[in-house]
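Residues per chain, in single letters:
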Amino acid sequence: MWTVLLFGAVASSALIIGAAIGVRFKLPKRLLAMLLAFAAGALITALSFELFQDSYERGGIWIAAIGLFVGAIVFTVLSALLDRWAQAGAHATPADEYRGSVKLDTDAAASDRPATAASTRGTAGLALLAAATLDGVPESLALGISLTEGTGGLALMAAIFVSNLPEALVGAASMREQGRSAGQIIGLWSACAALVTIAVVVGGAFLTGSDPALVSLPLAFAAGAVIAALADTIMPEAFENGGPAVALSTAAGFVLSFVLSLA
């Protein structure tokens, strides 16, 4: 169980590291896009080989497919609500001017762009914190199960880490633009890190050894949430700000995560 806790702490530490960077520094917009694309590639490997395949092998295709669609639907609906929340307080803008997710305001963390109204007058940072928690908990439950049952977990841990880092960085920068103190921002993201670490332990302690069909559901749900996050938030934002070059960064993330899945 100490190993599970250690892996959970490493995966969630990216939330604190990213928040600390976002509070103090601004990065080039293209670099932020490349980080998001790299995270997308790593998540593709994790959801394919660490989440959905494991779910299929435990519960069969029907349970895996249903769990995946439920996870995708839940994340998509809640993400849309969080986007509306992030836009609250900002001036209304025609919907066709938005590309990607309102809550993922990379302008707030960019050295060459001013923050959007979603950060300065809205709640983009808190919305992104909620989104990171939403997809982080099922991912962490799956990580705890994988580690305890010896079915891998290294690639999933790496994918969680590299996806948490840019999310926390951008979220913290948005909170900074809204006027929150550095201590408050770090505290909020640290609480999120603690929650997802606990989820890893819960997955390892209480779900391991359960009915395979029962365990199949949270694994598939996590895979669905990851797919929705990729399509709804991460990939659109990465391409919008990084252009075609993000394809190479995505491929690099996929290859690294795949190599780790073989370890």
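Only a predicted model underlies this, so the values are computations on that prediction, with no experimental measurement involved.

Calculation rules
- Residues numbered from 1 in each chain as written.
- Predicted model: local features only at pLDDT ≥ 70, side-chain atom pairs only at ≥ 80, totals over all residues.
- Heavy atoms only, no water.
- Core = buried A, V, L, I, M, F, W, Y, C linked by side-chain atoms within 4.5 Å.
- Buried < 20%, exposed > 50% of the residue type's maximum accessible area, 1.4 Å probe, protein only.
- Contact = heavy atoms within 4.5 Å.
- Helix = DSSP H or I, 4+ residues; strand = E, 2+ residues; numbered from the N terminus.
- Patch = residues over 30% accessible without salt bridge, like charges linked within 9 Å, V, L, I, M, F, W, Y side chains within 5 Å.
- Areas by Shrake-Rupley, 256 points an atom, 1.4 Å probe, with all protein chains shown as cover.
- Salt bridge = Lys/Arg side-chain N within 4 Å of Asp/Glu carboxyl O.
- Axes fitted to C-alpha atoms, helices over the stretch in contact; angles between N-to-C directions.
- Parallel < 35°, antiparallel > 145°, perpendicular 65-115°, else oblique.
- Left-handed = near helix turned anticlockwise from the far one by under 90°.
- Nonpolar A, V, L, I, M, F, W, Y, C, P; charged D, E, K, R; others polar.

Draft legend 1. Up close: the nonpolar core. Membership of the largest hydrophobic core comes to 42 residues, with the highest contact counts inside it found for Leu-51, Leu-143, Leu-156 and Leu-230. Those residues in contact with Leu-143 that lie beyond four places of it in its chain are Phe-7, Ala-11, Gly-153, Leu-156, Met-157, Ile-160 and Val-200. If you look at the next biggest cluster of nonpolar residues, it comprises 14 residues, including Val-23, Ala-172, Cys-192 and Ala-193.

Draft legend 2. Expanded view of the environment of Leu-82. Take Leu-82: it is sitting in helix H2 (residues 29-87). Sequence separation of Leu-82 and Ala-130 is 48 residues, and the distance between their C-alpha atoms is 7.9 Å.

Draft legend 3. Region of the structure containing a nonpolar patch on the surface. Where nonpolar side chains cluster on the molecular surface, the patch consists of Tyr-56, Ile-61, Trp-62, Ile-66, Phe-69, Val-70, Ile-73, Val-74, Val-77, Leu-78 and Leu-81 and spans about 1100 Å² of accessible area. As for its position among the elements, Val-74 is in helix H2. Under the relative-accessibility criterion, Val-74 is labelled partly exposed at 30%.

Draft legend 4. Inspection of the packing of helix H1 (residues 2-24) against helix H6 (residues 182-207) at higher detail. Viewed as axis vectors pointing N to C, H1 and H6 meet at an angle of 160°, and their least axial separation amounts to 8 Å. One element, H1, and the other, H6, form an angle in the roughly antiparallel class. Between H1 and H6 lies a crossing whose hand is right-handed. Between H1 and H6, the contacting residues are Val-4, Leu-5, Gly-8, Ala-9, Ser-12, Leu-15, Ile-16, Ala-19, Ala-20 and Val-23 on the first element and Ala-182, Ile-185, Ile-186, Trp-189, Ser-190, Cys-192, Ala-193, Val-196, Thr-197, Val-200 and Val-201 on the second. Within the contact of H1 with H6, the residues separate by chemical class into 17 nonpolar, four polar and no charged.

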